[in-house]
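Fold and contact review
What follows is the residue order along each chain.
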Amino acid sequence: MAFSAMQVSCLTPELCGGTNGRSHPGRGAGSTTRGATGPRTRFSTSAPCRIAKRCVGGGHTLVTGPIAITAGAVQLHTPCTNTHRTTIKTTAHGTDAFVMVTDDGSDEKFQCEGDGEKEIESVVPPRAIDANDINYKMMAVSVGVGLCVRFLLPIPDSLTPQAWNLFAIFTSTVTGLVVKPAPVGAWAFMSLTFTVVTKTLTFQQGLAALTNEVIWLIVVATFFARAFIKTGFGDRLGLLFVKAFGTTTLKLAYGLQTAEAVLSPAMPSTTARAAGVFIPVINALDKRTRKYLIGQQLQGGNVTSCLLVSAAAQNFLCMQIATGMGIIFGNPFMDWLVASSVPSILSIIVTPLLVYIIDPPELKETPEAPIAAAKALKELGPMRGAEAKMCFGLGITVSLWVLGSTLGVSAAVAAMIGVSILICLGVLTWNDALEQKGAWDTLLWFSILISMSGQLNALGVVGYFSGLVSTALAAANMSWMQSFACLHFGYFIMHYFFASQSAHVGALYPAFLSMLIASGTPIKLAALTLAFNTNLFGGLTHYASGQSAVYFGSGNIDLPTLWKQGAYMSVVNMLIFSTVGMAWWRVLGYW
């Protein structure tokens, strides 16, 4: 992609020593501010970047901009001839994202000639994140699976050729979600195209879910997450909890978990909370605490997502699918909260302590953390106008979410009202909304997946396979509780093959919910527990979810530790939800 040229100034290596690795905002795009020993440069880019610099000598370079820079290439013209790759760490503060750049495998410091201005020539997206990157081998695998289903397996007598064609295409689509032959949105778009070209579905049927309110709720909720980061209110809340709880590493962990729970209704994205709030806060703390705090925050954050239906995007999808299958909830928000409260709160309490015992931090006492947080809060100053306006809009939205069923306002409409208020108050601009590419991508590919799922159900495919499973379970003489346990375990373990909780829901939730109901599981219990299960595997691997990738990408936790914690916390959460949870749901009359 092209990047418009701008003038930037050379940077000197005061940033790690003189400021203890902390950063401060500049004065505007393309501007420089001067620190204790040299200037700091700011520039902005709408694409992920990786910075290559030509120089010898060095230290650390600080680059700031409204959008976090995570990968790509920017070339700085300097008199030097050597080019070094760099490591980039991002944090956030208010409307700015701060990027610390250091040399990979080199002790040389970054030096430029004087303070002369240098021109950024271009930004080159790396192949690893290229939006058009196609893996033809995996594409062949995905297409091959669909062809095998269509032509090698006999069409069941109870299904039409159209239904079987759609099942083959859906199988190919889901395989693509696992092996990733192309970006998810592109792969779903190609699947839709093939479905319409073969006349398996009409164009209207293939995009029937495009007007689905829940999908739009996910999109609009992303705008709220942007407002939280843009105004700096997320930072303020995180720092307040650090100030209140930060005297020991364990107390700090509980403070961060509490902050996660408080933020979750306002930021219905665990990934946004991780990247926009908790990574910056944790990175500002002593490095000897970071590995522990990152690990427990990842595992605990997944349980926090169970607590409220508004805490994660996949929760809305689960409820939408369940409602579409005829399961009625009086008040979805309250039904979810009451059902999840006891096991979720217990898991939130257990997680930091258990990780502390098994994988203890190098530093257990952190008396300087509240002091640092207090200092950062002082630098932030009193709540600014944008923060107050955002809280006003958010308060109205959350109130409408809670009282929506009484007032006749759906969750999506409530969120739309809130975002409209934020736009009118100048907290968000429409460009802010347009820049949330992931949200618009989700709108397309989830619409396609849910449309396919709905048509599979309408054509009898879901019912056919549910009947097969029900017959098999009956032949095995299994009670509904035994079937309940087996199906939940299968649903959970299959997430090792998925890199998205939402994709997992779109591909498997309808089928597994149908099988649970067919096995005799009470309907409401089946829908809610399967939705809770969807959240619990978010920390299973480093690719299990967006937040998992964000926490691992922070560089503060190694891969073996993350996988180990994902394994033992999965066992613990299963035990809590299958014992305490089942007892609580019995009290509620769900079974």
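Counting of residues starts from 1 at the beginning of each chain's written sequence and follows it residue by residue. Residues qualify for local features only when their pLDDT is at least 70, as the model is predicted, and side-chain atom pairs are given and counted only at 80 or more; totals for whole chains, interfaces and linings, by contrast, use all residues. The side-chain numbers reported here are obtained from all heavy atoms of the structure, hydrogens and water having been left aside.

What follows covers the environment of A472. Positionally, A472 belongs in helix α18 (residues 461–475). Burial classes follow relative accessibility: with a 1.4 Å probe on protein chains only, a residue under 20% of its type's maximum area counts as buried, one over 50% as exposed, and anything between as partly exposed. Residue A472 is classed as partly exposed on the basis of its relative accessible area, which comes to 45%. Taking C-alpha positions, A472 is 9.7 Å from S519, a pair spaced 47 residues apart along the chain. Strands here mean DSSP runs of E at least two residues long; helices mean DSSP runs of H or I at least four residues long; both are numbered from the N terminus.

Expected span, for any helix, means 1.5 Å times one less than how many residues it has. Taking 1.5 Å as the rise per residue, α18 with 15 residues should run 21 Å; its terminal C-alpha atoms sit 21 Å apart, in good agreement. Turning to α18, its buried residues number three or more, namely V461, V462, S466 and L473. One side of α18 holds all its buried residues, which, seen down the axis, span an arc of 125°. Along α18, the residues that are exposed and aim more than 90 degrees away from the buried face are T471, A474 and A475. The inward-facing, buried residues of α18 abut α3 (161–179), α17 (437–458), α19 (480–493) and α20 (501–518). A positive backbone phi angle near 60° is found at N477, which sits one or two residues after α18. Arc definition: directions from the helix axis to the C-beta atoms. Should any heavy atoms of two residues lie within 4.5 Å, those residues are counted as being in contact.

Quick look at the packing of α19 against helix α21 (residues 523–536) now. Put simply, α19 and α21 touch, their axes get as near as 10 Å, and they point 30° apart. Taken together, the axis directions place α19 and α21 in an arrangement best described as roughly parallel. Viewed along their axes, α19 and α21 form a crossing whose handedness is right-handed. Where α19 abuts α21, its residues W480, F484, H488, Y491 and F492 lie against L525, T529, L530, N533, T534 and L536. The residue classification treats Ala, Val, Leu, Ile, Met, Phe, Trp, Tyr, Cys and Pro as nonpolar and Asp, Glu, Lys and Arg as charged. All others, Gly included, are polar. Residues that form the contact of α19 with α21 fall into these classes: seven nonpolar, four polar and no charged. Fitted lines through C-alpha atoms give the axes, limited to the stretch in contact for helices. The angle between two N-to-C directions lies from 0 to 180 degrees. Roughly parallel means an angle under 35 degrees; roughly antiparallel, over 145; roughly perpendicular, 65 to 115; everything else is oblique. In this scheme, a crossing is called left-handed if the near helix is turned counterclockwise away from the far one by less than a right angle; it is called right-handed if the turn is clockwise.

Any pair of Phe, Tyr and Trp rings, taking the six-membered ring for Trp, is counted once the centres come within 6.5 Å. Such a pair is stacked with planes under 30 degrees apart, edge-to-face with planes over 60 apart, and tilted for the rest. Counting across every chain of the model gives 15 aromatic pairs. Between the aromatic rings of W216 and W440, the centroid separation amounts to 6.2 Å while the plane-to-plane angle is 80°, which identifies the pairing as edge-to-face. In this pair, W216 sits in helix α6 (residues 213–231) while W440 sits in helix α17, placing the two residues 224 residues apart along the sequence. Overall, the relative accessible area of 30% leaves W216 in the partly exposed class.

Positionally, G553 belongs in helix α22 (residues 546–553). A C-alpha to C-alpha distance of 8.7 Å links G553 and H542, two positions eleven residues apart in sequence.

Salt bridges, as used here, are contacts in which a Lys or Arg side-chain nitrogen is within 4 Å of a carboxyl oxygen on Asp or Glu. Under the definition given, this model contains four salt bridges. The partner of K291 in a salt bridge is D558, and the shortest N-O contact between them spans 2.8 Å. In this pair, K291 is assigned in helix α10 (residues 287–307) and D558 in the loop between α22 and α23 (559–587), connecting sequence segments 267 residues apart. Residue classification places K291 among the partly exposed residues on the basis of a relative accessible area of 38%. Relative accessible area serves as the criterion here: at 30%, D558 is assigned to the partly exposed category.

Here the focus is a nonpolar patch on the surface. Taken together, F489, I493, M494 and M574 make up a surface patch of nonpolar side chains, about 320 Å² in accessible area. Along the chain, M494 falls in the loop between α19 and α20. Overall, the relative accessible area of 30% leaves M494 in the partly exposed class. Patch construction takes residues with relative accessible area above 30% that form no salt bridge. Like charges are linked within 9 Å, and nonpolar side chains (Val, Leu, Ile, Met, Phe, Trp, Tyr) are linked within 5 Å. The protein chains shown are the only cover counted for residues, whose accessible areas, like all others here, come from Shrake-Rupley with a 1.4 Å probe.

For the rest of this paragraph, the subject is helix α11 (residues 313–324). Its twelve residues give α11 an end-to-end C-alpha distance of 17 Å, which sits within 8% of 16 Å, the value for a rise of 1.5 Å per residue. Taken together, the buried positions of α11 are A313, Q314, N315, F316, L317, C318, M319, I321 and A322. Note on α11: the residue one or two positions beyond its end, G326, has a positive phi of about 95°.

Turning our eyes to something else, we now look at the confidence of the model for the protein. One number per residue, pLDDT, summarises how confident the predictor is, and it ranges from 0 to 100. When pLDDT is averaged across the protein, the result is 74; 75% of the residues are at 70 or more. When the elements of the protein are averaged for pLDDT, helix α1 (residues 14–17) gives the smallest value, 28, and α21 the largest, 94. With pLDDT under 50 throughout, residues 1–131 is counted as low confidence; its partners more than four residues away or in other chains account for 302 contacts.

Contact geometry for α3 and helix α4 (residues 184–197): axes closest at 10 Å, N-to-C directions at 170°. Put simply, α3 runs roughly antiparallel to α4. Relative to α4, the crossing made by α3 is right-handed. Facing α3, whose interface residues are L166, I169, S172, T173, G176 and L177, α4 presents V184, W187, S191, F194 and T195. Per-class residue counts for the contact of α3 with α4 are six nonpolar, five polar and no charged.

Here we come to the environment of F465. Here F465 is to be found in helix α18. When its relative accessible area of 28% is taken as the criterion, F465 is described as partly exposed. Sequence-wise, F465 and A511 are 46 residues apart; in three dimensions their C-alpha atoms are separated by 8.0 Å. Leave out the neighbours within four places in its chain, and F465 touches W164 and F167.

In this model, K180 sits at a positive phi of 55°, which is unusual for a non-glycine residue. Tracing the chain through its elements places K180 in the loop between α3 and α4. Using a relative accessible area of 44% as the deciding quantity, one classes K180 as partly exposed. Its identity is not glycine, yet K199 carries a phi of approximately 60°, on the positive side.

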